[in-house]
Amino acid sequence: MSKVRPTIGTDGLPLPILPPERDARVWARLVRVMFYTPGFMGLLLIKTGEPASFGITVEMLMLSSAAAIVGGLFIGSQSSDAGADHSSRIGTWSGSLVIELLGVVPFLGAVPALFHELAHSTLLHNRAPGAVDITLGASELLPAVAILPFMLYQLAGFGTLDFVVPKAVNWIINILILCLITASYVAYRDGDYGMEKRFSAVLVTAMAVTVIYGVLKLRQMQATYDAHCPPKAPK
């Protein structure tokens, strides 16, 4: 049975609502998945695609992979034992925020274009003996459906961002994510790679600013919590 976190401090003042305690081991495993998967897909794209039409897909995949490493650094700093400070107590939450916004979001933004490249690769299709070129049509968008459960994850209160910003702002940020990913993919399909890069750059910049704000906000909330409800000394 989980412990109930106090909502009122020892001085009678309300305490900030922090994210629930999370298992750092699970997030550490996710770091490995998020590091290898985008890197593998980036190499696959380089092997089978046409470099002129890559757009910014490879860069987004590499950002996703690199962000997983940074998220792992935050998660590795998690500690609530003797000597722990405000920063170490939010290590897992900060790492999860980095992975969610700078790992998962760029990965989801790259997947639709990646699948289109693989589905239409001349290396895979034209050079195979007896190959038949099949038009996939709307089914090319199937990998992009993964964006929908991510939106549910973010908006239903599972995401770390839900504890950092008001619900209205959380909705705005996630709708912006969906719109920018969609706009980037439309520009990619139209062959307007300049606009694709601009939309992706806005998306990454917005996520980076949100992560920086989120980590600093989490630290401020933890400091306020500790000030009004000091942690008990370890026995």
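What counts and how
Residues numbered from 1 in each chain as written. Predicted model: local features only at pLDDT ≥ 70, side-chain atom pairs only at ≥ 80, totals over all residues. Heavy atoms only, no water. Core = buried A, V, L, I, M, F, W, Y, C linked by side-chain atoms within 4.5 Å. Buried < 20%, exposed > 50% of the residue type's maximum accessible area, 1.4 Å probe, protein only. Helix = DSSP H or I, 4+ residues; strand = E, 2+ residues; numbered from the N terminus. Contact = heavy atoms within 4.5 Å. Patch = residues over 30% accessible without salt bridge, like charges linked within 9 Å, V, L, I, M, F, W, Y side chains within 5 Å. Areas by Shrake-Rupley, 256 points an atom, 1.4 Å probe, with all protein chains shown as cover. Salt bridge = Lys/Arg side-chain N within 4 Å of Asp/Glu carboxyl O. Axes fitted to C-alpha atoms, helices over the stretch in contact; angles between N-to-C directions. Parallel < 35°, antiparallel > 145°, perpendicular 65-115°, else oblique. Left-handed = near helix turned anticlockwise from the far one by under 90°. Nonpolar A, V, L, I, M, F, W, Y, C, P; charged D, E, K, R; others polar.

Draft legend 1. Up close: the nonpolar core. In terms of nonpolar packing, the biggest core is built from 35 residues, with Leu101, Val105, Ile177, Ile181, Leu203, Met207 and Val211 touching the most fellow members. Listing elements by their share of this core, those giving two or more residues are helix H2 (57-76), helix H4 (91-119), helix H5 (147-155), helix H6 (167-189) and helix H7 (193-228). Ignoring sequence-local partners within four residues, the contact set of isoleucine 181 consists of Val105, Leu108, Gly109, Ile147 and Leu203. Formed by 6 residues, the second largest nonpolar core is a distinct cluster that contains Trp27, Met34, Ala68 and Ile99.

Draft legend 2. A look at a nonpolar patch on the surface. Residues Phe35, Tyr36 and Ile69 make up a contiguous nonpolar surface patch of about 310 Å² in total accessible area. Positionally, tyrosine 36 belongs in helix H1 (residues 24-48). Note on tyrosine 36: relative accessible area 56%, which makes it exposed.

Draft legend 3. Structural context of the packing of H6 against H7. Contact pair H6 / H7: the axes reach a minimum separation of 7 Å and the direction vectors enclose 160 degrees. With respect to H7, the element H6 is oriented roughly antiparallel. Judged by the sense of rotation from one axis to the other, the crossing of H6 with H7 is left-handed. Of H7, the residues touching H6 (which contributes Ile173, Ile177, Leu180, Ile181, Ala183, Ser184, Ala187 and Tyr188) are Tyr193, Met195, Glu196, Phe199, Ser200, Val202, Leu203, Met207 and Thr210. Counted by class, the contact of H6 with H7 contains 13 nonpolar, 3 polar and 1 charged residues.

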